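Listed below are the residues making up each chain.
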Amino acid sequence: MLKAMKQKLDQKRVLWAEGTAQRIEEYAEKERQESIRKMKREEETNHLLHQEIEKYLHTIHPSFLLNPDVARALHNRLLARSEEKFSFSLHVTSEIRLALDFYHSDLSIFIRLLEKKGFQLKGNEERFLTALLNKLSENNYRFYLERYGDFVNNADTLEDAVCKYLEKAEDKKKYESGRFDFLIKYLINKELLAPDCTKKQVKKLVKSLEKKHAEDYKVTRLEKRMGEIG
């Protein structure tokens, strides 16, 4: 009798083990299918986002958004929109004000149209802004490369490159966000600047070289004048 009971118990254990293995296999397959569906949804979302942003930026070029402070302010505004809150900043520069006006008058309309096509901004604020700024920066780089040309030679130093930029850029706009974003990426591509340099560091360098260049120019003019007198 004990032997029969033991055999029945062993049989049940085998069935339990088989059932457990089957449940684990079914669960793993379910997780795999869900993972595939999730990846497909992500791919479709990314395709939609990049496609619509490319079309949107084909007709507009808000280069002021390439200012890191402006981008942060816009990110906060997007988060506030998702949370249905009011975004307020104590430090509002002219470019930040321009960006907020741009958001209310133009960008918010684009976002609503994008949401109607299936993109959900809530929870994807950073993804949206990153895609927007990356494409904007790409367009911006191409625009100024065509405008200024490939002005750096292989033998040029960083100082040579910056001085050439200062000669090409318009005086009042040489530090404008679009032009400066182009300059940094251009210098990195020419391997004259480390990729981890911040915009503040580069701006400090450019201003110091601009000052030095201006003083050298003054000295040259003075020497020329003294030579004419002599």
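Keep in mind that what you see is a predicted model, and the values were worked out from it rather than measured.

Right, let's get into the overall build of the protein chain. Broken down by element type, the protein chain carries seven helices and zero strands. Start at the N end of the protein chain and walk to the C end: the helices and strands fall as α-α-α-α-α-α-α. For the protein chain, with 230 residues in total, the buried portion stands at 32%. Across the protein chain, the fraction of contacts at a sequence separation of at least 24, relative to all contacts at a separation of at least 6, is 73%. Of the roughly 16,300 Å² that the protein chain leaves accessible, carbon and sulfur atoms contribute 54%.

So, about the packing of aromatic side chains. For any pair of aromatic rings, the description consists of the separation of the ring centres together with the inter-plane angle of the planes. Using the criterion set out here, one finds 13 aromatic pairs in the structure. Between Tyr56 and Phe110, the ring centres sit 4.1 Å apart and the planes meet at 10°, which makes this aromatic pair stacked. Taken as a pair, Tyr56 in helix α1 (residues 2–56) and Phe110 in helix α3 (residues 94–116) lie far apart in primary sequence, 54 residues in all. In this structure Tyr56 comes out as buried when scored by relative accessible area, which is 12%. On the numbers, 5.4 Å between centres and 45° between planes, the contact of Tyr141 with Phe182 is tilted. Highlighted residues: Tyr141 in helix α4 (residues 125–148) and Phe182 in helix α6 (residues 177–189), separated in sequence by 41 residues. Since its relative accessible area comes to 17%, Tyr141 is described here as buried. By the ring-pair criterion, three or more aromatic residues cluster together here, those being Tyr141, Phe143, Tyr144, Tyr148, Phe151, Tyr165, Phe182 and Tyr186.

This paragraph deals with the confidence of the model for the protein chain. Overall, the prediction assigns the protein chain a mean pLDDT of 85, with 81% of residues at 70 or greater. Mean pLDDT across the elements of the protein chain ranges from a minimum in helix α7 (residues 199–229), with 71, to a maximum in α4, with 96.

Basis of the calculations
Residues numbered from 1 in each chain as written. Predicted model: local features only at pLDDT ≥ 70, side-chain atom pairs only at ≥ 80, totals over all residues. Heavy atoms only, no water. Helix = DSSP H or I, 4+ residues; strand = E, 2+ residues; numbered from the N terminus. Buried < 20%, exposed > 50% of the residue type's maximum accessible area, 1.4 Å probe, protein only. Contact = heavy atoms within 4.5 Å. Areas by Shrake-Rupley, 256 points an atom, 1.4 Å probe, with all protein chains shown as cover. Phe/Tyr/Trp six-rings, centres within 6.5 Å; stacked < 30°, edge-to-face > 60°. pLDDT = per-residue confidence, 0-100.

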